[in-house]
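A look at the structure
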Amino acid sequence: GTKFSRKEFQIFMEKNNIQTRVVFTGNVLRQPMCANISRRVTAEGLKNSDLIMERGVLLPVHHGMNEEMFDKLHATIESFLEICA
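Residues numbered from 1 in each chain as written. Predicted model: local features only at pLDDT ≥ 70, side-chain atom pairs only at ≥ 80, totals over all residues. Heavy atoms only, no water.

**Details of the side chain of T20**
Applied cut-off: The numbering of helices and of strands both runs from the N terminus, where a helix is a DSSP run of H or I of at least 4 residues and a strand a run of E of at least 2. The rule is simple: take the accessible area with a 1.4 Å probe, protein chains only, and divide by the maximum for that residue type; under 20% is buried, over 50% is exposed, in between is partly exposed. Residues adjacent in sequence count toward polar contacts only when both atoms are side-chain atoms; beyond that, a polar contact is any pair of N or O atoms within 3.5 Å, and within protein one must be able to donate a hydrogen and the other to accept it. The contact criterion used throughout is that any non-hydrogen atoms of two residues lie within 4.5 Å.
For T20, the location among the structural elements is in the loop between α1 (6–15) and β1 (21–22). Assessed through its relative accessible area of 4%, T20 is described here as buried. A polar atom in the side chain of T20 sits 3.0 Å from the side chain of Q10. If we skip the residues at most four places from it in the chain, T20 touches Q10, M13, E14, V57, L58 and L59.

Take a look at the structure:
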């Protein structure tokens, strides 16, 4: 129910020189490497894992970041959310 897509968010961040990546784990059973693994999943499936895989974004957070970098990351996200409001 959001007013924006993951792709729109990522494009905005990248245009502001903040690298992103899609979450590539989430429901690991959907990865090609698991195609031949017998699955033990309830009838409801793995809803939360699927949502993470569908909507998740990795943001740059690491030990080399300084306060200025964190401030830029937060301000850029806030700016995007204000535009989408």
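**Examining the packing of aromatic side chains**
Note the following rule: Working definition: a ring pair exists when centres of Phe, Tyr or Trp rings (six-membered ring for Trp) sit within 6.5 Å. Plane angles under 30 degrees give stacked, over 60 give edge-to-face, the rest tilted.
For the structure shown, the criterion picks out four aromatic pairs. Look at F4 and F80: their rings are 4.8 Å apart centre to centre, the planes differ by 85°, and that puts the pair in the edge-to-face class. Residue F4 is found in the segment before α1, and its partner F80 is found in helix α3 (residues 67–84); the two are separated by 76 residues along the sequence. The class of F4 is partly exposed, set by a relative accessible area of 26%. By relative accessible area, which is 5% here, F80 ends up buried.

Function-wise, these values are silent; they only describe arrangement.
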